[in-house]
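# Structural description and commentary
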Amino acid sequence: MKYLETSQIIPSKGMSYTMYEIEGEDTILRMLTFIPDNDEIHIYPKPPVKKLYKPELCKKVEENEFLGLWSMGEERKKG
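Residues numbered from 1 in each chain as written. Predicted model: local features only at pLDDT ≥ 70, side-chain atom pairs only at ≥ 80, totals over all residues. Heavy atoms only, no water.

### Quick notes on the overall build of the protein
Just so we agree on the cut-off: Numbering goes from the N terminus for both helices and strands, where a helix is a DSSP run of H or I of at least four residues and a strand is a run of E of at least two. Only the C-alpha atoms count toward the radius of gyration. The rule for a globule is 2.2 Å times the residue count to the power 0.38. Residue exposure (1.4 Å probe, protein chains only): buried if accessible area is under 20% of the type maximum, exposed if over 50%, otherwise partly exposed. Between two residues, a contact is recorded if the distance between any of their heavy atoms is within 4.5 Å. The charge count treats Lys and Arg as positive and Asp and Glu as negative. His and the chain ends do not count. All charge positions are set by atom: Lys at NZ, Arg at CZ, Asp at CG, Glu at CD.
On a plain count of helices and strands, the protein comes out with one helix and five strands. Order of helices (α) and strands (β) in the protein, N terminus to C terminus: β-β-β-β-β-α. For the protein, whose C-alpha radius of gyration is 12 Å, the value lies close to the compact-globule estimate of 12 Å for 79 residues. Taken over the C-alpha atoms alone, the protein extends approximately 35 × 30 × 25 Å along its principal axes. Residues classed as buried in the protein amount to 33% of the 79 residues present. Within the protein, residue pairs in contact and separated by at least 24 positions form 41% of the contacts whose partners lie at least 6 positions apart. Across the protein, the 12 positively charged side chains and the 14 negatively charged ones have centroids separated by 5 Å.

### Some words on the pattern of salt bridges
Charged atoms that come close allow side chains of opposite charge to pair. Here is the rule we go by: Here, a salt bridge means any side-chain nitrogen of Lys or Arg that lies within 4 Å of a carboxyl oxygen of Asp or Glu.
In total, this model carries six salt bridges according to the counting rule given. Across the pair D26 and K51 runs a salt bridge, and its minimum N-O distance is 3.6 Å. Of the two residues, D26 is situated in the loop between β2 (14-23) and β3 (27-35) and K51 in the loop between β4 (40-44) and β5 (59-60); the sequence distance between them amounts to 25 residues. With a closest N to O distance of 3.1 Å, D39 and R76 form a salt bridge. Placement of D39 in the loop between β3 and β4 and of R76 in helix α1 (residues 63-78) is noted, with a sequence separation of 37 residues between them. Residue classification places R76 among the partly exposed positions, given a relative accessible area of 38%.

### Notes on the nonpolar core
What counts here: The term nonpolar core refers to a set of buried residues drawn from Ala, Val, Leu, Ile, Met, Phe, Trp, Tyr and Cys, joined through side-chain atoms within 4.5 Å.
Judged by nonpolar contacts, Y3, M19, L32, F34, I41, I43, V61, F66, L69 and W70 together constitute the single largest core of 10 residues. Among the elements that make up this core, the one with the highest residue count is α1 (three residues). When residues no more than four places from it in sequence are discounted, the contact partners of M19 are L4, E5, R30, M31, L32, V61, E65, F66 and L69. Listed in part, the seven residues of the second largest apolar core include L4, I28, M31 and C58.

### A few points about the pairing of strand β1 (residues 2-10)
Heads up, the condition is: Strands were regarded as paired on the criterion that DSSP finds at least two bridges between them.
Summarising the sheet, β1 and β2 pair through nine bridges and their orientation is antiparallel. Across the sheet, residue K2 finds its bridge partner in β2, namely I22. Here β1 folds back onto β2 in antiparallel fashion, the turn holding three residues, of which S12 has a positive phi close to 70°. Pairing of β1 with β5, which is carried by two bridges, proceeds in the antiparallel orientation. Looking at the pairing, L4 lines up with K60 of β5.

Right under this line is the structure:
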């Protein structure tokens, strides 16, 4: 498993970080979007996209960072 991230600015919300849990070269198992300025987390256990386009352009992130945000996203969905 590897964990990758892309980022972009969202007007009026700030930076948005999309993180991917990747199997093999480019198969997306799960993904999440995190907007720290708004404290928003959106998790996608069944991502709409299955293959990551140009994974070499993504930044690597630590597994514990992805899993920590994923857990927070799950807790918020319950609440």
